Amino acid sequence: GEIGAVVLLSARVAEHIARNIKAEMQMPPRLYCLSSRIADAARAAFAPHAPEIITSPRPDIAALLQMIDVPAPGLHNIMSSADSTR
């Protein structure tokens, strides 16, 4: 399958993933970023055609996971799916 979204926890990882994804020509439609600094790095790394970038309201993992748990329209809710398998 295709990559539907990528969670970015650091600017360095954003740059690394962008370099590898661009080489494979498989751009994810959505990036979830832990902070605005990481989002800025992702925009620069994926330029000129950055995917949708969503930034956590606070730079902590709990806020990022909560944001992913209430996904954008059309995005499969990965947290609810994980809960239903327990």
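Residues numbered from 1 in each chain as written. Predicted model: local features only at pLDDT ≥ 70, side-chain atom pairs only at ≥ 80, totals over all residues. Heavy atoms only, no water.

Draft legend 1. View of the nonpolar core. In terms of nonpolar packing, the biggest core is built from 19 residues, with Leu8, Leu31, Cys33 and Ala42 touching the most fellow members. Elements supplying a minimum of two residues to this core: β1 (6–8), α1 (11–24), β2 (30–33), α2 (36–46), β3 (52–55) and α3 (61–69). Per element, the largest residue contribution to this core is five residues, and it comes from α2. Leu31 has contacts with Val6, Leu8, Ala42, Phe46, Pro51, Glu52, Ile53 and Ile54, leaving out every residue within four places of it along the chain. (Core = buried A, V, L, I, M, F, W, Y, C linked by side-chain atoms within 4.5 Å. Buried < 20%, exposed > 50% of the residue type's maximum accessible area, 1.4 Å probe, protein only. Helix = DSSP H or I, 4+ residues; strand = E, 2+ residues; numbered from the N terminus. Contact = heavy atoms within 4.5 Å.)

Draft legend 2. Representation of the pairing of β3 within the structure. With four bridges joining them, β2 and β3 adopt parallel strand pairing. From the neighbouring strand, Tyr32 faces β3, where its bridge partner is Ile54. In this region the chain leaves β2, passes through α2 and returns to the parallel neighbour β3; the handedness of that crossover is right-handed. (Pairing = 2+ DSSP bridges. Right-handed = clockwise from strand over helix to strand, strands pointing away.)

Draft legend 3. Spatial organisation of unusual backbone geometry. Here the amide bond leading from Ala47 into Pro48 is cis, since omega sits at 10°, within 30 degrees of zero. Turning to its location among the elements, Pro48 is positioned in the loop between α2 and β3.

Draft legend 4. Structural view of the pattern of salt bridges. Using the criterion set out here, one finds three salt bridges in the structure. Note that Glu52 and Arg30 form a salt bridge whose closest N and O atoms lie 3.1 Å from each other. Of this pair, Glu52 sits in strand β3 while Arg30 sits in strand β2, and the two are 22 residues apart along the sequence. Two residues, Arg43 and Asp40, come together in a salt bridge whose shortest N-O distance is 3.0 Å. (Salt bridge = Lys/Arg side-chain N within 4 Å of Asp/Glu carboxyl O.)

Draft legend 5. Structural view of a nonpolar patch on the surface. Where nonpolar side chains cluster on the molecular surface, the patch consists of Val7, Leu9, Ile61 and Leu65 and spans about 320 Å² of accessible area. Positionally, Val7 belongs in strand β1. Classification of Val7 by relative accessible area gives partly exposed; the value is 39%. (Patch = residues over 30% accessible without salt bridge, like charges linked within 9 Å, V, L, I, M, F, W, Y side chains within 5 Å. Areas by Shrake-Rupley, 256 points an atom, 1.4 Å probe, with all protein chains shown as cover.)

That is the geometry; function is a separate question.
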